[in-house]
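So the chains spell out like this:
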Amino acid sequence: MTHIKVELNNRIGKIKPMNAVNNGPTTPSRMFSKSSNFDYYKEAGIPYARNHDAAFCADYGGEHTVDINAIFPCFDADPYSPDSYDFVCTDHYVQTTLAAGTETFYRLGNKIDHRVKKYDSVPPKDFHKWAVICEHIIKHYNEGWADGFHLNIKYWEIWNEPENGRECWDGPYEDFLELFVIAAKHLKSKFPYIKIGGPAFATGGVDKKRDAFLNYMKERDVPLDFFSWHTYRSETEQYRKRIYAVRESLDKAGYTQTESILNEWAYILNWHEGLRESKLVIISTKGAAFVSAVMATGQNSPLDMLMYYDARPNSTLSCLFNLYTGDRLKGYYVFKLFSELAKLGTHAYSESDADDIYAVAATDGDNSGIMLTYFTNDEGATERHIVLSIFGGKDSYKLILLDDAHDAEETDILHLEDGKINLTMQPNTVIYLKNT
């Protein structure tokens, strides 16, 4: 028997953007007028989309999209002239994402480069000029420069996984530190109202390297509005430990107000012999339960934003959309359900006495939602009987079920008896309770 307690009148903060992703929706093309996922994407209520690796997707504009090398194709050109920039495909992509109700989290840099010859991960020839180029990209989207926009894009991230080998920074790591110092200081001086951060460390950065980066920046008075990092694992406990480790490193370095943003993650056993099995889990109901469990872990720990990799329609790691048909996968419905919590806004206290049963509750004062997840990697796991105690809520709740047979569908109306609801959950399922 598992006991879960929810105190809807005990409000402990806000529902954070745990349902953010990498990359946005697509729109119909002339040849493929029915291939867009725009409506489904919009319906999911995704708050932010990081645009890293967008250049891998032809539907977004491919090699002409987002990356510095794409927008400013000739590095020897004049960075102060609008004629040096090509914004067309990126403008369309950013506007499409915003039209779906999703804000862009802009990665300044280039996509990961797995080619035998590196083109995108080569460090820029002039770090100061690179910072000026970034300045004008921000001016284009936030201040109308070069027939641009006033989109108030908040998050601007410098580079991606600089410590992760030639695929991301094909040069001495020490040179990247210099680039970051120059770019962060320059951009923050020009745009004090935006959030500047990075550097999207792989696997959160090895502890010593992460601490060294933060200390290096602090010693040089580098502004750091957010610290971004990645991890790909298959156990929620591994995420929880790293979330706390990153927060501890930030606080120890004196970046106590810096946001901690985990902006690449997915269910991965390992990147070698376990990759095929990982992808099979990602597209399954178990994969959806894992996504829900990690969202709950992030919501209940010192993490400020969680961004799944990847919502890109041609990504083999997508848990939202089928690579071939574009149909919604089971994981899609987790994002949609979490958006219901986000609409309610206020995080209410909850606790579970089982490590594999996760709970998140939210309220707006009148209405409430409770998201319960049973996630396990134990193949022998069996159904779990749950006693759910609800304080400060209403007397009856719609039960919305996500399992192999249900795509977040209402299946029952449950009523409190002595302040409790008795439930049965199967392994790797998600339940959302919404008061009637």
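The structure displayed is predicted, hence computed values, not measured ones.

Asker: Explain the overall build of the protein to me, and be specific about the residues and the numbers.
Answerer: Within the protein, the regular secondary structure consists of ten helices and 17 strands. The C-alpha radius of gyration computed for the protein amounts to 22 Å, which stays within 12% of the reference 22 Å derived for 436 residues, consistent with globular compactness. Taken along its principal axes, the extent of the C-alpha atoms in the protein is 70 × 55 × 45 Å. Here the protein, with 436 residues, has 57% of them falling under the buried criterion.

Asker: Tell me about the pairing of strand β8 (residues 259-264), and please be specific about residues and values.
Answerer: Burial analysis of β8 places six of its six residues in the buried class, the great majority of the element. Taken together, the five bridges between strand β7 (residues 226-230) and β8 define a ladder with parallel strand orientation. Bridged to S228 within β8 is I261. In this fold, the crossover linking β7 to β8 by way of helix α7 (residues 236-252) has right-handed handedness. As paired elements, β8 and strand β9 (residues 305-308) share two bridges and run parallel to each other. By the bridge assignment for β9, L262 is matched with L306.

Asker: Let's hear about the nonpolar core: which residues, and what values?
Answerer: Judged by nonpolar contacts, the single largest core of 108 residues is most densely connected at W130, I137, W156, F213 and Y308. The element contributing the most residues to this core is helix α5 (residues 173-190), with ten residues. Once residues lying within four places of it in the same chain are set aside, the contact partners of W130 are I68, F75, L108, G109, P124, I158, W159, L179 and A183. Of all hydrophobic cores here, the second largest spans 24 residues; its members include A348, I357, A359 and L401.

Asker: Residues and numbers for the environment of S350, please.
Answerer: Structurally, S350 is set in strand β10 (residues 346-352). Separated by eleven residues in sequence, S350 and S339 place their C-alpha atoms 18 Å apart. When sequence neighbours within four positions are dropped, the list of residues in contact with S350 reads K5, V6, A359, V360 and A361.

Asker: Give me the lowdown on the packing of aromatic side chains, citing residues and values where you can.
Answerer: The tally for this structure, following the rule as stated, stands at 36 aromatic pairs. Taking 4.8 Å as the distance between ring centres and 20 degrees as the angle between the ring planes, the aromatic pair formed by Y106 and W156 counts as stacked. Taken together, the residues Y106 in strand β4 (residues 103-108) and W156 in strand β5 (residues 155-158) connect sequence positions 50 residues apart. Between the aromatic rings of Y232 and Y309, the centroid separation amounts to 6.4 Å while the plane-to-plane angle is 85 degrees, which identifies the pairing as edge-to-face. Placement of Y232 in the loop between β7 and α7 and of Y309 in the loop between β9 and α10 (330-344) is noted, with a sequence separation of 77 residues between them. Its guanidinium or amino end placed over the ring of F56, K111 lies 5.8 Å from that ring's centre, counting from NZ or CZ.

Asker: Break down the sheet that holds β7 for me, with residues and values.
Answerer: If you walk around this closed barrel you meet the eight strands as β2-β3-β4-β5-β6-β7-β8-β9, and the pairing is parallel. Averaged over all neighbouring strand pairs, the angle between strand axes comes to 25 degrees, with direction disregarded. Sheet topology places β5 next to strand β6 (residues 195-201); three bridges connect them, and they run parallel. Within β6, the residue paired with Y155 across the bridge is K195.

Asker: How would you sum up the sheet that holds strand β1 (residues 2-14)? Please name residues and give values.
Answerer: What the nine strands build is an open sheet, ordered β15-β14-β17-β12-β11-β10-β1-β13-β16; its pairing is mixed. Looking at which strands have only one partner, the edges of the open sheet turn out to be β15 (407-415) and β16 (420-425). Neighbour-to-neighbour, the strand axes of this sheet turn through a mean angle of 25 degrees, independent of strand direction. Here seven bridges tie β1 to β10, and the two strands are oriented antiparallel to one another. From the neighbouring strand, G13 faces β10, where its bridge partner is H347.

Asker: Tell me what's going on with the pattern of salt bridges, and back it up with residues and numbers.
Answerer: The final tally for this structure, using the stated rule, is 24 salt bridges. Between R220 and E219 there is a salt bridge, with its nearest N and O atoms 3.5 Å apart. Taking the relative accessible area as the measure of exposure, E219 reaches 61% and is therefore exposed. With a shortest N-O distance of 2.5 Å, D407 and K330 are connected by a salt bridge.

Criteria and thresholds
- Residues numbered from 1 in each chain as written.
- Predicted model: local features only at pLDDT ≥ 70, side-chain atom pairs only at ≥ 80, totals over all residues.
- Heavy atoms only, no water.
- Helix = DSSP H or I, 4+ residues; strand = E, 2+ residues; numbered from the N terminus.
- Rg over C-alpha atoms; globule rule 2.2 N^0.38 Å.
- Buried < 20%, exposed > 50% of the residue type's maximum accessible area, 1.4 Å probe, protein only.
- Pairing = 2+ DSSP bridges.
- Right-handed = clockwise from strand over helix to strand, strands pointing away.
- Core = buried A, V, L, I, M, F, W, Y, C linked by side-chain atoms within 4.5 Å.
- Contact = heavy atoms within 4.5 Å.
- Phe/Tyr/Trp six-rings, centres within 6.5 Å; stacked < 30°, edge-to-face > 60°.
- Lys NZ or Arg CZ within 6 Å of the ring centre and 35° of its normal.
- Axes fitted to C-alpha atoms, helices over the stretch in contact; angles between N-to-C directions.
- Salt bridge = Lys/Arg side-chain N within 4 Å of Asp/Glu carboxyl O.

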